[in-house]
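Listed here are the chains, written in short residue letters.
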Amino acid sequence: MEILTVVAPVFGARCSVVVGPDGSCVVVDAGAGVGGRVRALVEARDLRPRAVLATHGHADHTWDAPGLAAAWDVPVVLHAADAYRLADPFGTLGALDPRHDPHGPLAQALGAAGVDVRAWRPPARVEPFGSTSDARSDDLLLAWDDVRLVARHAPGHTEGSTLYLLDGDGAAPTVLSGDVLFAGSVGRTDLPGGDDATMTATLRDVVATLPPDAVVLPGHGPATDVRTELATNPYLARAR
């Protein structure tokens, strides 16, 4: 499978278009401002979209998901524990709380991208997977035609944070890590739904057990690999 990247103007969130050998595709993390470019890419490549996925429900990873899903008549897919965020992605992030700093980094990034937080409309079709319980969900194979990936629950940044694992077809596998793992860092746990102890368990039991040669495409920032992060990431070292 091929992975095409579009970087969103809000926080540089990574949007990945995963393309199967037959031209089917899914879009992962359609953040604010990527919709037009993703649609142009899909049209230029004559791809057939099957779903819009999210690694978690934060607005910088889901803002353009409803529009793309409606344009293509496909579902928005994410872990059940984060599905509630789609009703109010900014409110669940604390963005509309009167205590929220109107001059803070989130407000500035949204304003610069021309995003009106009050204009959000939830997606018409949502297909959650996994469980809303506190227990970590089992791996789940998700498949649309020739696009196949494994959803691995990795809570801590949010309740439903998920890694999407793609088989490398003989090469190193690829992990779309969302805001669980970055190059040299990990996702913050101080936002609503985050939990430090849960993140520590995820780093120890989920991230550290990934194949060492796996390529990691984080939700923000440069690509890395599991071997490098095990050797140099201080948060992984602390969790083991």
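One can find the structure itself at the top, above this paragraph.
Below you will find a few notes about this structure. Bear in mind that the values here come from a model prediction, so they are computed numbers and not experimental data.

As a further point, take the pairing of strand 3 (residues 24-28). Of all five residues making up strand 3, five are buried, and the element is well covered by its neighbours. Because side chains alternate across strand 3, one face comprises the buried residues Ser24, Val26 and Val28, and the other comprises Cys25 and Val27, equally buried. Here strand 2 (residues 14-19) folds back onto strand 3 in antiparallel fashion, the turn holding four residues, of which Gly23 has a positive phi close to 90°. Direction of pairing for strand 3 relative to strand 4 (residues 48-53): parallel, over a ladder of five bridges. Counterpart to Ser24 in the pairing with strand 4 is Arg48.

Our focus in this paragraph is the packing of aromatic side chains. Counted under the stated rule, the structure contains two aromatic pairs. Considering the side-chain rings of Phe129 and Tyr164, the 6.5 Å spacing of their centres and the 65° angle between planes classify their relative orientation as edge-to-face. With a gap of 35 residues between them, Phe129 in strand 6 (residues 126-129) and Tyr164 in strand 9 (residues 162-166) connect regions that are remote in the sequence. Tyr164 carries the same exposure label as Phe129, and that label is buried. Positioned above the aromatic ring of Tyr235 is the side chain of Arg238, whose terminal nitrogen or guanidinium carbon lies 5.0 Å from the ring centre.

All right, on to the side chain of Thr55 then. Position of Thr55 relative to the elements: it lies in the loop between strand 4 and helix 2 (59-62). If we ignore the near neighbours within four places in the chain, the residues touching Thr55 are Val28, Asp29, His61, Gly160, Ser161, Thr162, Tyr164, Leu176 and Gly178.

With that settled, consider the sheet that holds strand 2. Spatial strand order, 1-2-3-4-5-6: six strands in an open sheet with mixed pairing. At either end of the open sheet lies a strand with only one pairing partner, and these are strand 1 (2-7) and strand 6. Strand-to-strand twist across the sheet, computed as the mean angle between neighbouring axes with direction ignored, equals 25°. Examined bridge by bridge, strand 1 and strand 2 share six bridges and lie antiparallel to one another. Across the sheet, the residue bridging to Leu4 is Val17, located in strand 2. Lying on the sheet, helix 1 (residues 35-45) is in contact with strand 1, strand 2, strand 3 and strand 4; it crosses strand 1 at an angle near 150°. Against the sheet, helix 3 (residues 65-72) makes contact with strand 3, strand 4 and strand 5 (76-79), and its axis sits at roughly 150° relative to strand 4, the strand it touches most.

Before going further, it helps to examine unusual backbone geometry. Negative phi is the rule for most residues except glycine; trans is the rule for most peptide bonds. A positive phi is found at Asp29, a non-glycine position, where the angle reads about 65°. Structurally, Asp29 can be placed in the loop between strand 3 and helix 1. Assessed through its relative accessible area of 2%, Asp29 is described here as buried. A positive phi is found at Asp145, a non-glycine position, where the angle reads about 55°. Tracing the backbone shows Asp145 in the loop between strand 7 (140-144) and strand 8 (147-153).

This brings us to the sheet that holds strand 14 (residues 224-225). A sheet is described by the order of its strands in space; here six strands give the open sequence 7-8-9-10-13-14, paired in mixed fashion. In the strand order of this sheet, the two ends are held by strand 7 and strand 14, each with one partner. Pairing geometry for strand 13 (residues 215-218) and strand 14, over two bridges, is antiparallel. If you follow Val215 over to strand 14, its bridge partner there is Asp225.

What counts and how
- For every chain, the first residue of the written sequence is number 1, and numbering continues from 1 onward in sequence order.
- In keeping with the model being predicted, local features are shown solely for residues with a pLDDT of at least 70 and side-chain atom pairs are shown and tallied solely at 80 or more, while totals for entire chains, interfaces and linings include all residues.
- With hydrogens and water set aside, each side-chain value is computed from the structure's full complement of heavy atoms.
- Relative accessibility thresholds used throughout: buried, under 20% of the residue-type maximum; exposed, over 50%; partly exposed, between the two (1.4 Å probe, protein chains only).
- Counting from the N terminus, the helices are DSSP H or I runs at least four residues long and the strands are E runs at least two residues long.
- DSSP-based pairing: two strands are paired if at least 2 bridges between them are found.
- Only centres within 6.5 Å qualify two rings of Phe, Tyr or Trp (six-membered ring in Trp) as a pair; their planes then separate them into stacked at under 30 degrees, edge-to-face at over 60, and tilted for everything else.
- Remark: a charge is flagged as sitting over a ring if the NZ atom of Lys or the CZ atom of Arg is within 6 Å of the ring centre and within 35 degrees of the ring normal.
- Whether two residues are in contact is decided by their heavy atoms: any pair within 4.5 Å suffices.
- Helix axes use the C-alpha atoms of the stretch in contact, all axes being lines fitted to C-alpha atoms, and the angles between their N-to-C directions lie in the range 0 to 180 degrees.

By themselves, these figures tell us nothing about what the structure is for.
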